[in-house]
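# Structural overview for review
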Amino acid sequence: MNSDDAPVSEDERNISPESSTPEDPLEIVPPEKREALVQHVFSMFMSSFTFGQPANPLLGKLNDEHIAEALRQADNSAGRTHELQLMDRRLLVALVLLLVIVFCAGVVYLLPRDKDLLLLLIQFLVLLAGGIGTGIGIMSRRQGS
């Protein structure tokens, strides 16, 4: 028996060959529940146009104390952010001072011993500083636009 001779069920007859969904979606629902489904969908559709009570029940319980607490927490967060930025700046200044001290010690050590190595090291550091400055400039320009 080939597939053309197989009996076709009533559900398969309602499905068009172009899609796998029935022509009328309500045909899937049993007849005794169709009217209730249509009424429910209609009421949900109409309730989306109503005004008044907020959709979230927790919004109705929000009061001035909750808003004041949220503002206090936002202020505390801003204060902590400022403290972290200040600490980052202090750390950066300390790191730059340490690098300057190490560079000066290297110059004092290498100047009498190996001037060629010192010049090569200075050239490398100038190129490195230029590359870092260029990268920072490009990054700030991209963030600014």
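The rules behind each value
Residues numbered from 1 in each chain as written. Predicted model: local features only at pLDDT ≥ 70, side-chain atom pairs only at ≥ 80, totals over all residues. Heavy atoms only, no water. Helix = DSSP H or I, 4+ residues; strand = E, 2+ residues; numbered from the N terminus. Buried < 20%, exposed > 50% of the residue type's maximum accessible area, 1.4 Å probe, protein only. Areas by Shrake-Rupley, 256 points an atom, 1.4 Å probe, with all protein chains shown as cover. Patch = residues over 30% accessible without salt bridge, like charges linked within 9 Å, V, L, I, M, F, W, Y side chains within 5 Å. Salt bridge = Lys/Arg side-chain N within 4 Å of Asp/Glu carboxyl O. Axes fitted to C-alpha atoms, helices over the stretch in contact; angles between N-to-C directions. Parallel < 35°, antiparallel > 145°, perpendicular 65-115°, else oblique. Contact = heavy atoms within 4.5 Å. Nonpolar A, V, L, I, M, F, W, Y, C, P; charged D, E, K, R; others polar. 1 Å grid on protein atoms, 1.4 Å probe; cavity = no way out; pocket = protein on both sides within 12 Å on 5 of 7 lines; lining within 4 Å. Points joined across faces, edges and corners; volume = space filled by probe spheres on them. pLDDT = per-residue confidence, 0-100.

## Quick word on the overall build of the protein
The number of helices and strands found in the protein is four helices and zero strands. Going from the N terminus to the C terminus, the protein shows its helices and strands as α-α-α-α. Counting every position in the protein, which comprises 145 residues, the buried fraction comes to 3%. A total of about 13500 Å² of accessible surface is found on the protein, and carbon and sulfur atoms cover 65% of it.

## Focus on a nonpolar patch on the surface
A cluster of nonpolar side chains, namely Phe 103, Leu 121, Ile 122, Phe 124, Leu 125, Val 126, Leu 128, Ile 132, Ile 136 and Met 139, defines an oily patch on the protein surface of about 870 Å² accessible area. Broken down by element, the nonpolar patch gets its largest block of residues, nine residues, from helix H4 (residues 115-144). Counting through the fold element by element, Phe 124 comes out in helix H4.

## Some words on the pattern of salt bridges
Here the structure, examined in full by the defined rule, presents one salt bridge. Taking the shortest distance from any N to any O, the salt bridge between Arg 72 and Glu 69 comes out at 2.4 Å. Remark: Glu 69 and Arg 72 occur in helix H3 (residues 64-110); sequence separation between them is three residues, near one turn of the helix. On the basis of relative accessible area, Arg 72 is assigned to the partly exposed category, the value being 46%.

## A word on the packing of H3 against H4
Contact geometry of H3 with H4 gives a least axis separation of 9 Å together with a crossing angle of 155°. Put simply, H3 runs roughly antiparallel to H4. Contacts between H3 and H4 involve Phe 103, Val 107 and Leu 110 on the former and, on the latter, Lys 115, Leu 117, Leu 118, Leu 121, Ile 122 and Leu 125. Here the contact of H3 with H4 is composed, by residue class, of eight nonpolar, no polar and one charged.

## A word on the layout of surface pockets
The space that makes up the largest pocket amounts to roughly 260 Å³. Forming the boundary of the largest pocket are Leu 99, Val 102, Phe 103, Gly 106, Val 107, Leu 118, Leu 121, Leu 125, Val 126, Leu 128, Ala 129 and Ile 132. If you tally residues by element for the lining of the largest pocket, the top one is H4, at seven residues. Class assignment of the residues belonging to the lining of the largest pocket gives a composition of 11 nonpolar, one polar and no charged.

## Side note on the confidence of the model for the protein
Here the protein averages 79 in pLDDT, and 77% of its residues register 70 or above. Across the protein, the element-wise mean pLDDT spans from 52 in helix H1 (residues 10-13) up to 91 in H4.

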